[in-house]
Number of protein chains: 2
Amino acid sequence: MRVIKLPCWDWLRHYNRQTMGSDLVAALIVTIMLIPQSLAYALLAGLPPEMGLYASILPLMAYAIFGSSRTLSVGPVAVVSLMTATAVGKVAQQGSIDYATAATTLALLSGLILVLLGLMRFGFVTNFLSHPVVSGFITASGIIIAISQLSHIFGIEAPGKTLPELAQSLATTIGTTNVYTLGIGASCLLLLQLSRRHLSGLLKQCGLSLFASETLARAAPVAVITLSTLVAYGADLQARGVALVGTIPQGMPAFSQPYIEWTVIEELLLPALLIALIGFVESVSVGRTLGAKRRERIDANQELMGLGAANLSSAFSGGFPVTGGFSRSVVNFDAGAQTQAASIFTAAGIALAALFLTPILYYLPKATLAATIVVAVSSLIDWKTIKEAWNYDRADFMAIAITILLTLFLGVEIGVISGVSASIALHLHRTMRPHFAIVGTVPGTEHYRNIDRHDVRTHANLLSIRVDESLYFANAAFLEELVDTELAQREGIEHVILMCPAVNMIDLSALEALQEVNSSLLERDVKLHLSEVKGPVMDALKRSPLLRQLGGKVYLNHHAAVLELAV
Amino acid sequence: MRVIKLPCWDWLRHYNRQTMGSDLVAALIVTIMLIPQSLAYALLAGLPPEMGLYASILPLMAYAIFGSSRTLSVGPVAVVSLMTATAVGKVAQQGSIDYATAATTLALLSGLILVLLGLMRFGFVTNFLSHPVVSGFITASGIIIAISQLSHIFGIEAPGKTLPELAQSLATTIGTTNVYTLGIGASCLLLLQLSRRHLSGLLKQCGLSLFASETLARAAPVAVITLSTLVAYGADLQARGVALVGTIPQGMPAFSQPYIEWTVIEELLLPALLIALIGFVESVSVGRTLGAKRRERIDANQELMGLGAANLSSAFSGGFPVTGGFSRSVVNFDAGAQTQAASIFTAAGIALAALFLTPILYYLPKATLAATIVVAVSSLIDWKTIKEAWNYDRADFMAIAITILLTLFLGVEIGVISGVSASIALHLHRTMRPHFAIVGTVPGTEHYRNIDRHDVRTHANLLSIRVDESLYFANAAFLEELVDTELAQREGIEHVILMCPAVNMIDLSALEALQEVNSSLLERDVKLHLSEVKGPVMDALKRSPLLRQLGGKVYLNHHAAVLELAV
């Protein structure tokens, strides 16, 4: 096995005081933002709040060592937390395992899958997921997450993982709304939304510097959280039925052991794979976006190792599945983080919070956390790509629409599987009818062009077909049909010449189709010839029986074929 | 909805006495062959023997009315029977439904799926299944079927649906072999194999005509069956523990009602889909092979309707999933069948057998039926395609090897799903790195060729890249990388020109990649231009923001771009 790469050496070697200063400032800002966010995503995943903190300590350090991006910030993120809730809900209901253990087991499996893919250098799998489809999936997940948080804001019990489930449970329990909870939740939502939109601009107008006003605006959620905690404490909202975060065990995470039993693993394997893939694709896309701004290269295979290590360490320290998050990474980047040391400092900050801050968090209302989630996921909802797809290409739009509708109505797992299948199926469907042209000689030249578009010369006993795509299983049947159809429209054809300058590959199915075409032509006393076959394709054909069976010949040049065969 | 087509009108209009004569002879030969084969495949599917007969009456008539092939013979076939056994075994074990009812329900679901696909004109789905993969799947199924029949030949109980299961159960029960059963089974196997290989040749040497010797050779199984039935009766083999077919209810099938309950249907839906697809692909390929010999066109969409109708009628007359079989269709064709009337006569023949022949079949040893199955499936095993794939293309070989190994070791369902996934993944992987070339001017011309292969002229401030494939999600990332890499190797580039004469499509993911390339080039003060963009691609680009954002221009002709931009 090849030696495992540690990208952290690259920056550790040149680490100096100045870089450390930048990294410390960034870490402070990110830590303040991450404490409530970690609690909120644990809540979203249906897990105890401390698990959110645990998932933001060791995983950050693991990624700092193994990951290839210098500014990516890893931890619990919204979509992966929703996927965790869905997967864990299924197993935990069946009762053989408790909810929290199932979540750590899921992190273990995702981590193993990521590391395995990394060792096999399967970073290219990101290419299989069409970006519009992933964006559609995230939009739909964002909608489900936002709606699922309404129950916390209204102070009701309304579980559900799909739009119909949520609508039904909201409709039946909306009558039990707790007005105090709704008051807290709605005010937080309003304050967060307003500060997000307008605070930074307002502060700048008041004469603050760009950096100061943006940093202060970013700290607004902390103010909202502090305020609502104080209100909950002062007005004794717990007595009025407002759900609070409550007791969080103080201290560092203990070593946790995921649950290893085949029946549970079997059930969690597919969700773990989907979480690994979606997490990976999202993380790489965030990493690439940030990397492009600083001319940093993101190595997809190394990212698999980094995210794998993060998830494995999350599994063994009482966390749940993590990945590189968009908003946290942007904050980290904008706050001036230079290297992954910022993530290590952030992890230390979160660890301090887990040690000393948890008693204060007792009075934090869950409705406040729900409000922060709603505001955070509203940025995931991306109507722009959908609109662009509608304008640009209806097939892409269809794939996105299928993904969004199935995610909303049947859940995240079916949604993402259908999305990937739809984009692959659409692509295959598109290449199933390869572009082709019947060609003739441009008078006075040796060039051949489409007879439908140019004024060219053809010969009565020749049919020249130029195929403009590689031949493979999905378009092999079309080839047979094409020759049949074109031949049926013409009288007196003795030779069919397939001109192959754009054929980069002929797979075995297409080879069989060519053999069929050849023998069916021979039965009709027509000879099949090939012209302008590319080098690598010709090498492959030489290993097949086709060249022996061929009724005609293979010509290097189409014009040479026509000169020899035309009467 | 469009009117449902009845292809049978085409031949019914011209039907005459002579055609009827040919069809009657073919029907007689096929009927004689089908009686034992139907019983045998019912045995293979784990069903009572009469269901094999029932599946060979109405389904033949339904296909005759709706199918588009004139000579295809529909009924129970080996691979579909094995898939039925696998699917039904899972549901029936769970106890909510009996084995036979599950099989008719499976036929119902397959039929509905086929008709639905037919109404949506989804005949193109055959193109998604790479032929080598299907052939690998059938080879592996054939091996499993042959081994599974050994238990009947040895007279032991050795259930199993995969190679390891079969090996284990054979190893533990081989000690209980019944020598009389083994005697009957092994002799039948030997006789069948010998007559299949040599009888027709032998008879020809004795001076019989080709037709007579082939027909007699084909009747050999009937002789073997008659002989073993007589031996079983005369020597009272039942008393010696030889398993016989036993009582078959006499008469025509009653109207049967499949079991409609959501939990069962949910469980059977995927197997029904796989059976529908594999059955359809096999049937169409048989139909096309025979059709090519008589210049008959097989319409894939109409075939979906024909096979759908056959399965629905099987479901309502106590049968199980059916499809067009290779050996039975070849026999039908070679025996001179002209139209589907031959199938209707065959159905009548089987009906007569169900009415009057069943008492005679009481003494037929199951070992004899098992022997006929082993001999029949030995023709399914196709090492040739595997060898060809090995020689021709290692990627195709890998897909076949994965399919065969997974089918053998994990069962038919996982096998076929993995096979299809593997062939699609391999194809995408191949197109992920599209063919491209850095091009320069062929001196004294306006032609542009690969700088690595030709002696061409380039310009210091220009980078001309010709992309030879459509751009879509799987190769979009590659495009960004390509431009980056090539640019990094050169100094002083001011313009990158993408030459797109072979780009037939740019999907939304690739469009986003182009936008990325454009803006990252702009940051480096390099302009991106496009040249020789095809008409439909240009139309699509005009609906996108790319053309507005583009740093450079779009040129109709690459040479014009170079003339304008080179310094």
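Residues numbered from 1 in each chain as written. Chains lettered and ligands numbered in written order. Predicted model: local features only at pLDDT ≥ 70, side-chain atom pairs only at ≥ 80, totals over all residues.

> Quick rundown of the overall build of chain A? Include the residues and the values.
If you tally the helices and strands in chain A, you get 23 helices and 8 strands. Overall, the C-alpha framework of chain A stretches about 100 × 60 × 55 Å when taken along its three principal axes. Taken over 567 residues, chain A has a buried fraction of 54%. Of the contacts formed within chain A by residues at least 6 apart in sequence, a portion of 81% connects residues at least 24 apart. (Helix = DSSP H or I, 4+ residues; strand = E, 2+ residues; numbered from the N terminus. Buried ≥ 20, exposed ≤ 12 C-beta atoms within 10 Å, placed from the backbone. Contact = placed C-beta atoms within 7 Å.)

> Please provide a residue-by-residue account of the domain arrangement of chain A, values included.
The figure often quoted for interface size is the accessible area lost as the parts come together. Domain assignment breaks chain A into domain 1 (16–426) and domain 2 (436–565). Distance from the C-alpha centre of domain 1 of chain A to the C-alpha centre of domain 2 of chain A: 55 Å. (Domains from an automatic or database assignment.)

> Now, about the sheet that holds strand 3 (residues 436–441) of chain B: what can you tell me, with residues and values included?
Residues and elements named next belong to chain B. Here we have 6 strands laid out as an open sheet, ordered 4-3-5-6-7-8, and mixed in their pairing. Sheet topology places strand 4 (448–450) and strand 8 (554–555) at the edges, where each strand pairs with a single neighbour. Note that strand 7 (residues 527–531) and strand 8 share 2 bridges and pair parallel. The residue bridging S531 from the neighbouring strand is Y555, located in strand 8. In the packing of helix 19 (residues 473–488) onto the sheet, contacts are made with strand 3, strand 5 (462–467) and strand 6 (495–499), and the angle to strand 5 comes to roughly 145°. Against the sheet, helix 23 (residues 558–565) engages strand 3, strand 4, strand 5, strand 6, strand 7 and strand 8, with an angle of about 175° to strand 6. (Pairing = 2+ DSSP bridges. Axes fitted to C-alpha atoms, helices over the stretch in contact; angles between N-to-C directions.)

> Hey, could you go over helix 4 (residues 58–66) of chain B for me, with residue numbers and the actual values?
Residue and element names in this part refer to chain B. Most of helix 4 is tucked away, with 8 of its 9 residues classed as buried. Buried within helix 4 are the following residues: L58, P59, L60, M61, A62, Y63, A64 and F66. Close packing links the buried residues of helix 4 with helix 1 (8–12), strand 1 (74–75), helix 12 (300–316) and helix 14 (341–357).

> Give a description of the sheet that holds strand 3 (residues 436–441) of chain A that names residues and reports values.
All names here are of chain A. Sheet architecture is open: 6 strands sit in the order 4-3-5-6-7-8, paired in mixed fashion. Of all the strands in the sheet, the pair left with one neighbour each is strand 4 (448–450) and strand 8 (554–555). Relative to the sheet, helix 23 (residues 558–565) contacts strand 3, strand 4, strand 5 (462–467), strand 6 (495–499), strand 7 (527–531) and strand 8, its axis offset from that of strand 6 by approximately 175°.

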